[in-house]
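Letter by letter, the chains look like this.
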Amino acid sequence: MRYSIESMTMNDIPRVIEIEKLAYPTSQWPQSAYRRELQENQWAYYFVMRDIRYENQLTTAKNGGDKKTQKLFSFFAPKNAAYNPKVDSIVAYAGLWLMVDESHITTIAAHPDWQGKGLGELMLIHLIDTSLKIGGFRLTLEVRVSNFVAQNLYRKYGFVAVSTRPHYYSDNNEDAYIMWTADIRTDQYREMFEGHRAKLINKLFQEG
Ligand SMILES: CC(C)(COP(=O)(O)OP(=O)(O)OC[C@H]1O[C@@H](n2cnc3c(N)ncnc32)[C@H](O)[C@@H]1OP(=O)(O)O)[C@@H](O)C(=O)NCCC(=O)NCCS
């Protein structure tokens, strides 16, 4: 599969912010918030996903490459001349906080050019796997009432809206749904989760 998920590092933050500006045009976290999360919050778990094929293209072009590759690169390459293929090939990110035995998803986003390809779902699967490992046995999050795409993704993985937080989003005063999963250790949850995971992995492998 052409995608890999790793823990977010300080070097990744500028690219994460770049994606965040595109994925959440009306509200972003400042760089300092990510720095604090990575350096000071021992209960925070943040991840980035790389598109390995894109990373290889950027690396080939950076190292010279033939004319065709250079041309391709001039289309793909970030305007910033000091590009770093390892960082610029990040296409999605996500994070959660472990609070006792619950995982609170704080953010999840894919670069708009990579949305609708199963990567948001792959990232959510990683968060659920991580939660199981670290002892977060129910997951929760807030989502804009207008964000049907994200709600569909969450519902697919067993999240249910249990209440509404009025005017939660300060940019437009929008309400948030608070969504929760059931206990992710149950056989019923595992069966649903593994079924969706197998289908997605199969699809991503077939795409190369
Ligand atoms: C929400 C987001 C992370 C989903 O990631 P994605 O890579 O675009 O979505 P995926 O391709 O993984 O799709 C997974 C599921 O999401 C839902 N979904 C995705 N695109 C959709 C669309 N255009 N319309 C309706 N539902 C959609 C579906 O349930 C889909 O499952 P399916 O393929 O079985 O139908 C991504 O769209 C994004 O970054 N959005 C902007 C930031 C954001 O809103 N984050 C969530 C904040 S709470």
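Residues numbered from 1 in each chain as written. Predicted model: local features only at pLDDT ≥ 70, side-chain atom pairs only at ≥ 80, totals over all residues. Heavy atoms only, no water.

**Student:** Account for the overall build of the chain, naming residues and giving values.
**Tutor:** Tallying secondary structure elements over the chain gives eight helices and seven strands in all. Rg of the C-alpha trace for the chain: 18 Å, near the compact-globule value of 17 Å for 208 residues, within the 12% margin. If one aligns the C-alpha atoms of the chain with their principal axes, the spans along those axes are about 55 × 40 × 30 Å. Split into buried and exposed, the 208 residues of the chain put 41% on the buried side. Taking all contacts inside the chain whose residues are at least 6 apart in sequence as the whole, residues at least 24 apart take part in 70%. When the accessible surface of the chain is split by element, carbon and sulfur atoms take 53% of a total near 11,300 Å². (Helix = DSSP H or I, 4+ residues; strand = E, 2+ residues; numbered from the N terminus. Rg over C-alpha atoms; globule rule 2.2 N^0.38 Å. Buried < 20%, exposed > 50% of the residue type's maximum accessible area, 1.4 Å probe, protein only. Contact = heavy atoms within 4.5 Å. Areas by Shrake-Rupley, 256 points an atom, 1.4 Å probe, with all protein chains shown as cover.)

**Student:** I'd like a rundown of the pattern of salt bridges, residues and numbers included.
**Tutor:** Per the stated rule, a full pass over the model turns up twelve salt bridges. A salt bridge links Arg144 to Asp171, with the shortest nitrogen-to-oxygen separation between them at 3.1 Å. Linking Arg144 in strand S5 (residues 138-144) with Asp171 in the loop between strand S6 (160-169) and strand S7 (174-180), this pair joins segments that are 27 residues apart in sequence. Note on Arg144: relative accessible area 15%, which makes it buried. Look at Asp171 and you get partly exposed, because its relative accessible area is 34%. With a closest N to O distance of 3.3 Å, Arg144 and Glu174 form a salt bridge. (Salt bridge = Lys/Arg side-chain N within 4 Å of Asp/Glu carboxyl O.)

**Student:** So, the environment of Ile184: which residues are in play, and what are the values?
**Tutor:** Take Ile184: it is sitting in the loop between S7 and helix H8 (187-206). Placed 54 residues apart in sequence, Ile184 and Thr130 show a C-alpha to C-alpha distance of 11 Å. Leaving out residues up to four positions away in the same chain, Ile184 has contacts with Ile128, Ser131, Leu132, Gly136, Phe137, Leu139, Tyr189 and Arg190.

**Student:** Describe unusual backbone geometry, with residues and values.
**Tutor:** Phi at His167 takes a positive value of approximately 55°, unusual for a residue other than glycine. Note on placement: His167 falls in strand S6. Of note in the backbone geometry, Asn173 takes a positive phi value of approximately 65° without being a glycine. Position of Asn173 among the secondary structure elements: in the loop between S6 and S7. For Asn173, a relative accessible area of 46% gives the class partly exposed.

**Student:** Could you give an account of the packing of helix H6 (residues 119-134) against helix H7 (residues 148-156), with specific residues and numbers?
**Tutor:** Remark: H6 packs on H7, axes separated minimally by 11 Å, with the N-to-C direction vectors making an angle of 45°. Here H7 runs oblique to H6, going by the angle between their axes. Classified by chirality, the crossing of H7 by H6 is right-handed. Where H6 approaches H7, its residues Gly120, Glu121 and Leu124 are matched on the opposing element by Leu153, Tyr154 and Lys156. In the contact of H6 with H7, the residues fall into three nonpolar, one polar and two charged. (Axes fitted to C-alpha atoms, helices over the stretch in contact; angles between N-to-C directions. Parallel < 35°, antiparallel > 145°, perpendicular 65-115°, else oblique. Left-handed = near helix turned anticlockwise from the far one by under 90°. Nonpolar A, V, L, I, M, F, W, Y, C, P; charged D, E, K, R; others polar.)

**Student:** Describe in detail the packing of aromatic side chains, supporting the description with residues and values.
**Tutor:** If you walk through the whole model with that rule in mind, you get nine aromatic pairs. Here Tyr34 and Tyr93 contribute two aromatic rings whose centre-to-centre distance is 6.3 Å and whose plane-to-plane angle is 85°, an arrangement assigned as edge-to-face. Of this pair, Tyr34 sits in helix H2 (residues 31-40) while Tyr93 sits in strand S3 (residues 90-99), and the two are 59 residues apart along the sequence. For Tyr34, a relative accessible area of 0% corresponds to the buried category. Relative accessible area serves as the criterion here: at 0%, Tyr93 is assigned to the buried category. Among the aromatic residues, ring-to-ring pairing joins Trp29, Tyr34, Tyr46 and Tyr93 into one connected group. The ring of Tyr169 has Arg144 lying over it, and the distance from NZ or CZ to the ring centre is 4.1 Å. Residue placement shows Arg185 over the ring face of Phe137; its charged tip is 3.7 Å from the ring centre. (Phe/Tyr/Trp six-rings, centres within 6.5 Å; stacked < 30°, edge-to-face > 60°. Lys NZ or Arg CZ within 6 Å of the ring centre and 35° of its normal.)

Taken by themselves, the reported measurements are silent on function.
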